[in-house]
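Summary of the model geometry
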Amino acid sequence: MTATLFSAIGELVTNDPALGDGSALGIVRDAALVAEDGRVVWVGSADEAPAADERVDLGGRAVVPGFVDSHTHLVFAGERSAEFAARMAGEPYTGGGIMTTVAATRAASDATLRANARRLHAEMTASGTTTIEAKSGYGLTVDDERRLLSISRELTAETTFLGAHVVPAESAADRAGYVALVCGAMLDACAPHARWIDVFCDVGAFGEDEARAVLAAGAAAGLLPRLHGNQLARGPGVRLAVELGAASVDHCNHLTEDDVEALASSATVATLLPGADFSTRAPYADARRLLDAGATVALATDCNPGSSYVTSMPLVIALAVREMRMTPGEALWAATAGGAAALRRDDVGRLGPGARADLAALDAPSYVHLAYRPGAPLVADVFTGGRTAVTDKE
Ligand SMILES: [Zn+2]
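Residues numbered from 1 in each chain as written. Predicted model: local features only at pLDDT ≥ 70, side-chain atom pairs only at ≥ 80, totals over all residues.

As for the overall build of the chain
Helix and strand counts for the chain come out as 13 helices and 17 strands. Whereas a compact globule of 394 residues would reach a radius of gyration of roughly 21 Å, the chain reaches 20 Å, a difference of no more than 12%. Counting only C-alpha atoms, the chain reaches 70 × 45 × 45 Å along its principal axes. With 394 residues in all, the chain has 55% of them scored as buried. In the chain, 70% of the contacts between residues at least 6 apart in sequence involve partners at least 24 apart. (Helix = DSSP H or I, 4+ residues; strand = E, 2+ residues; numbered from the N terminus. Rg over C-alpha atoms; globule rule 2.2 N^0.38 Å. Buried ≥ 20, exposed ≤ 12 C-beta atoms within 10 Å, placed from the backbone. Contact = placed C-beta atoms within 7 Å.)

Considering the domain arrangement of the chain
Segmentation of the chain into domains returns domain 1 (3–66 + 350–388) and domain 2 (67–342). Computed from C-alpha atoms alone, the centre-to-centre distance between domain 1 and domain 2 is 29 Å. Elements with a minimum of two residues in the side of domain 1 that touches domain 2: strand E5 (62–65), helix H13 (369–372) and strand E16 (379–384). By residue number, the principal contributor to the side of domain 1 that touches domain 2 is E16, which donates 3 residues. Split into classes, the residues belonging to the side of domain 1 that touches domain 2 amount to 14 nonpolar, 3 polar and 2 charged. (Domains from an automatic or database assignment. Nonpolar A, V, L, I, M, F, W, Y, C, P; charged D, E, K, R; others polar.)

Let's talk about the nonpolar core
The biggest cluster of nonpolar side chains holds 128 residues, and the ones touching the most others in it are Leu33, Ile317 and Ala320. Here the element with the most residues in this core is helix H12 (residues 328–342); it accounts for 9 residues. When residues of this core are assigned to domains, at least three map to each of domain 1 (3–66 + 350–388) and domain 2 (67–342). Setting aside residues no more than four positions away along its own chain, Leu33 makes contact with Phe6, Ile9, Leu12, Val40, Val43 and Leu351. (Core = buried A, V, L, I, M, F, W, Y, C linked by C-beta atoms within 7 Å.)

Remarks on H12
Here H12 spans 20 Å end to end across 15 residues, near enough to the 21 Å set by a 1.5 Å rise per residue. Its axis deflected by about 40° at Ala334, H12 carries its strongest bend there. By the criterion of burial, H12 is predominantly enclosed, with 13 of the 15 residues buried. Directly beyond the C-terminal end of H12, a positive phi value near 55° is found at Arg344. (Expected span 1.5 Å × (residues − 1). Bend = angle between axes of the 7 residues up to and from the residue.)

Quick look at unusual backbone geometry
For residues besides glycine, phi is generally negative; the peptide bonds are generally trans as well. Even without being a glycine, Asp37 presents a positive backbone phi close to 55°. Examined against the element boundaries, Asp37 turns out to sit in the loop between strand E2 (27–36) and strand E3 (39–45). Overall, Asp37 belongs to the exposed group, with 11 C-beta atoms counted inside 10 Å. Phi angles above zero are rare outside glycine, and Leu140 is one such case at about 60°. When you line up the elements, Leu140 lands in the loop between strand E7 (129–135) and helix H4 (142–153).

Remarks on the packing of helix H11 (residues 313–324) against H12
Their axes nearest at 9 Å, the elements H11 and H12 cross at an angle of 140°. For the element pair H11 / H12, the angle class is oblique. Between H11 and H12 lies a crossing of right-handed hand. Here H11 contributes Met313, Val316, Ile317, Ala320 and Val321 to the contact with H12, which in turn contributes Pro328, Ala331, Leu332, Ala334 and Ala335. Of the residues contributing to the contact of H11 with H12, the split by class is 10 nonpolar, no polar and no charged. (Axes fitted to C-alpha atoms, helices over the stretch in contact; angles between N-to-C directions. Parallel < 35°, antiparallel > 145°, perpendicular 65-115°, else oblique. Left-handed = near helix turned anticlockwise from the far one by under 90°.)

Quick word on helix H3 (residues 110–126)
Given a rise of 1.5 Å per residue, 17 residues ought to cover 24 Å, and the 24 Å separating the end C-alpha atoms of H3 matches this to within 8%. Within the sequence span of H3, burial applies to Leu113, Asn116, Ala117, Leu120, His121, Met124 and Thr125. Contacts made by the buried residues of H3 are with strand E6 (67–69), helix H2 (98–107), E7, H4 and E16. Immediately beyond the C-terminal end of H3, within one or two residues, lies Gly128, with a positive phi of roughly 100°.

Okay, here's the thing in structure tokens:
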């Protein structure tokens with residue numbers, strides 16, 4: 001085992017309140033960190049750092065935990081720039097464009113899908129993301145959903161079966177038959193490749209009874225529930241997520257007071273996706289209301305070709321601060337520890353002893369620059385398991 005000393009860290013965000021300044025971010029100034037066997041084994045003041053086999057000098061940069069992007073639709077084919085341009089010219093987002101991507105994805109080879117997913121994954125890594133969740137949902141047949149998850153599994157352990165993304169066009173006359181397929185043969189084929197099950201519970205997608213049936217079938221197959229809810233309108237999504245003990249309910253743009261209270265008094269994380277609100281010119285989710293009520297908030301990209309073709313967590317942080325009234329510290333926490341909570345992980349999203357040595361070094365003296373300097377390529381170096389992350393796109 002080789003121990004690596006990361007030295008000359010100007011500002012280290014650990015997300016461990018027991019370390020550093022006592023804040024939720026657990027900031028240590030003039031810090032060092034030792035990684036061994038992929039894990040953090042020591043954190044503290046640089047002048048107290050122990051000896052190690054190797055040394056990485058970070059030159060006074062700020063270091064943050066690698067971002068945890070807990071909501072992506074990573075594996076698909078094609079792109080929808082024409083739809084985006086039309087929307088920016090005034091057409092509303094309806095979710096109907098999903099079938100455009102479904103058609104392109106079904107027609108694509110595994111090699112094409114794999115290459116596109118690897119390209120996006122490399123973009124994410126280069127912008128500081130070290131843990132991603134990846135959903136299926138652009139196949140919507142037994143075989144296509146299975147292969148999307150199989151390809152996702154090559155890139156992450158956090159894979160999510162989303163056969164209930166939309167009812168595909170060919171099943172429009174038989175919704176019940178499609179839900180039965182998702183809960184039956186499709187689930188059987190996908191469960192070995194997935195950790196999570198998800199459903200798009202919203203107007204124009206799946207209703208409460210359908211969503212409940214899908215998540216119950218997934219749970220019976222050993223998958224853990226999470227769901228898309230309350231993006232387009234108020235509805236049953238948040239209530240159902242809390243009732244079923246889902247790890248996360250994602251979007252949360254349209255919430256009643258009961259929804260906010262339910263989230264605040266549960267372990268279900270409210271995952272907000274400002275890249276989607278930005279890209280669909282929709283009203284942003286009210287992060288301030290959720291935080292003030294005491295809910296746990298995560299931030300993620302929702303990377304997908306229709307409503308949020310965004311891979312950059314620094315952009316998401318900047319949007320959350322500027323448009324959703326989160327403080328820079330709240331937004332960083334939500335993009336790291338919050339994402340980890342949304343994936344029920346305690347080994348990522350923090351940099352205390354025992355955590356994975358997944359870290360991003362910023363060309364900046366403080367993490368605040370993530371929101372303060374939007375658009376600047378601040379992420380200088382990314383390490384996963386204590387090693388330099390691969391960010392090339394081959
Ligand atoms: Zn999504």
